[in-house]
Amino acid sequence: MDVGFFLSFSCCVIMKRIFAALAAAAVLVGCSGLEERLEKVEDGVSQIENRLDDLEERLRSLESGVYITSVSEIKDGNGNVIGMSFSLSAGEPIVVHYSDGIQIESGETEVTFTLPDGSVVVIPLVSQPEPFSFKIVSEGDIAVLHGQSVTVDYVVTGSSEPVELYFAPDAGWLAEKQGENSIKVTAPESGSLNGRIVVFAGNSSNAAIAVITFEEGGISLAENSFNVAREASKLNVPVSTNVSYDVIIASDCDWLSYVETKAMRNETLVFDVAANAGYKRSTTVVLASAGKELCSFKVNQDGETPSISASSLVGNWTVKYTNQANTPLSFTMPIVESDNAARGNLILKRWFNYSKKDKEENIYATFSAEDMTLSIATTETVVNEYGDQCAARLLDGSVMSPIVFSVSPDCRSLAIDPGVSIGTYDPIYGAGFTNYGKAYSLTKE
């Protein structure tokens, strides 16, 4: 059946019925105001005629090879679906309202229109390929630290062919493709961290450009020491940061465990603290990113005060360490009672020596049974022909003052954070500092 004929015929029938009804109404109610009403009806019928004519023309476009490229819903102001819109390979979209009386069935490869008289029109549906796109997943500036490496993900759409990446980074920045859909970026060791990397992506058929921008990262703590009760509890540590980081607890600490991080940027680290039935104890928690320490804090838990004194540490101690030549070494160091209480309650003999091998140094230290620590004051710094030499250095090169060792509950071992470099007499290489990140331990013989 010819679609155009059906639509035109239907329109004529509709208009004849409307005018017949109006003529009957004229006989019953007279002609008063009828002309005005007839004009409104004629306008409405004309609009219907025009819509049907337009729809007829659109459907006839099939004869010239036009096809549907996409289908979308039409909604009213309340969000209700009232019809469908069909984009064509040429020309304006076809719009069909459900009130038109035309049934629509959209499949994967065609759209079927069932007209009011039951006749069917099938139009091919040929979906257009998705346009090529290369996008960086991260939004906004990425916070980084000096020398830090971060992974930036990207998404490619609209192409089954692999893409090649080319980078144009700011001075000092490095970028390389890593895996299937990620880029490894390394920040410069110094200078500004407000940098960018321009990424060119393309293959034989497509090309795109994206920009990754960075900002300086940082992290801060409101406090660097937290006290907890001896009973089991939760510890919340507020952190302000714009970088990702790892929470590192000393491997020998079995009473503090990291639970979770709450919120973002202004975060709260949550820890479980086990009950303490023994002596007071403490541990250090490090926040690090890409293997680099950002900051640290100490957790002190209440407990019993040991009934011990400085004399518990008197005796010969074996010192083990690794020097800056990465050579593991050891020597024996006596600890004796002090002859000057004002300087400390113990003396460490030849703990380090910046002068001659046969010269013995007396380093005064103070043992605290309450904190279970052994501290060496800054006033005990060795002085020699090179001038004042600090006894310990932190990772940033600053002086650790005082130098504080933690003492085991049985008073048979001393330990210090591996991130501290200790100045010591090296029997092979002479005076120097221990290697950062290598443990410096003391065990009683």
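Residues numbered from 1 in each chain as written. Predicted model: local features only at pLDDT ≥ 70, side-chain atom pairs only at ≥ 80, totals over all residues. Heavy atoms only, no water.

Before going further, it helps to examine the overall build of the protein chain. What the protein chain contains, in helices and strands, is 2 helices and 35 strands. Residues counted as buried form 36% of the 445 residues belonging to the protein chain. Partitioning the contacts of the protein chain with sequence separation of at least 6, the portion at a separation of at least 24 is 54%. (Helix = DSSP H or I, 4+ residues; strand = E, 2+ residues; numbered from the N terminus. Buried < 20%, exposed > 50% of the residue type's maximum accessible area, 1.4 Å probe, protein only. Contact = heavy atoms within 4.5 Å.)

The next subject is the sheet that holds strand β6 (residues 120–124). Strand order in the open sheet formed by 3 strands is β4-β5-β6, and the pairing between neighbours is antiparallel. Two strands in the sheet have a free side with no partner beyond their single neighbour: β4 (103–106) and β6. Pairwise comparison of adjacent strand axes, ignoring direction, gives a mean angle of 15° for this sheet. Taken together, the 5 bridges between strand β5 (residues 110–114) and β6 define a ladder with antiparallel strand orientation. From the neighbouring strand, E110 faces β6, where its bridge partner is P124. (Pairing = 2+ DSSP bridges. Axes fitted to C-alpha atoms, helices over the stretch in contact; angles between N-to-C directions.)

Here the protein chain shows a mean pLDDT of 77. Residues at 70 or above account for 71%. Within the model, the stretch residues 1–30 combines pLDDT values under 50 with 27 contacts to residues more than four positions away or in other chains. (pLDDT = per-residue confidence, 0-100.)

Here we come to the nonpolar core. Most often, soluble globular proteins have nonpolar side chains that are buried together. Judged by nonpolar contacts, the single largest core of 27 residues is most densely connected at L313, F367, L374, F405 and L414. For this core, the elements supplying multiple residues, two or more each, are β23 (315–322), β24 (328–337), β25 (346–349), β26 (362–368), β27 (373–376) and β31 (403–407). Sorting elements by how many residues they give to this core places β24 first, with 4 residues. Once residues lying within four places of it in the same chain are set aside, the contact partners of L313 are I335, L346, F367, L374, V407, C411, L414 and K444. Listed in part, the 22 residues of the second largest apolar core include F132, I142, L193 and V199. (Core = buried A, V, L, I, M, F, W, Y, C linked by side-chain atoms within 4.5 Å.)

Strand order in the open sheet formed by 4 strands is β8-β14-β13-β10, with mixed pairing between adjacent strands. Only two strands of the sheet have a single partner each, and these edge strands are β8 (142–144) and β10 (164–169). Neighbour-to-neighbour, the strand axes of the sheet open up by a mean angle of 30°, direction not taken into account. Relative to strand β14 (residues 207–216), strand β13 (residues 196–202) is paired through 7 bridges, and the arrangement is antiparallel. Counterpart to F200 in the pairing with β14 is I209.

Let's shift gears to the environment of T186. Mapping T186 onto the fold places it in strand β12 (residues 182–186). Note: C-alpha distance between T186 and G172 (14 residues apart in sequence) is 8.7 Å. Residues within four places of T186 in sequence aside, it is in contact with G147, Q148, S149, G172, W173 and L174. Side-chain polar atoms of T186 contact the side chain of S149, separated by 2.8 Å. (Polar contact = N/O pair within 3.5 Å; in protein donor to acceptor, adjacent residues only side chain to side chain.)

It is worth spelling out the side chain of S408 at this point. Along the chain, the position of S408 falls in the loop between β31 and β32 (413–415). Excluding residues within four positions of it along the chain, S408 makes contact with M372 and S413.

This model, assessed by the stated rule, comprises 2 salt bridges. For R230, the salt bridge goes to E304, with nearest N and O atoms at 3.2 Å. On the criterion of sequence distance, the pair formed by R230 in the loop between β16 (225–228) and β17 (233–241) and E304 in the loop between β22 (292–301) and β23 is long-range, its members being 74 residues apart. (Salt bridge = Lys/Arg side-chain N within 4 Å of Asp/Glu carboxyl O.)

The final tally for this structure, using the stated rule, is 6 aromatic pairs. Aromatic side chains F134 and Y154 sit 5.1 Å apart centroid to centroid with 40° between the ring planes, which places their arrangement in the tilted category. Taken together, the residues span a long stretch of sequence, with F134 in strand β7 (residues 133–136) and Y154 in strand β9 (residues 149–157) at a distance of 20 residues. Judged by its relative accessible area of 6%, F134 falls in the buried class. Between F271 and F297, the ring centres sit 6.0 Å apart and the planes meet at 75°, which makes this aromatic pair edge-to-face. Taken together, the residues span a long stretch of sequence, with F271 in strand β20 (residues 266–273) and F297 in strand β22 at a distance of 26 residues. (Phe/Tyr/Trp six-rings, centres within 6.5 Å; stacked < 30°, edge-to-face > 60°.)

The topology assignment puts D76 in the loop between β1 (68–75) and β2 (81–88). Residue classification places D76 among the partly exposed residues on the basis of a relative accessible area of 29%. A polar contact is formed between the side chain of D76 and the backbone nitrogen of N78, at a distance of 2.9 Å.

Turning our attention to unusual backbone geometry. Residue C411 is not a glycine yet carries a positive backbone phi of 60°. Inspection of the secondary structure assignment puts C411 in the loop between β31 and β32. A residue is classified by how much of its surface remains accessible, and C411, at 3% relative accessible area, is buried.

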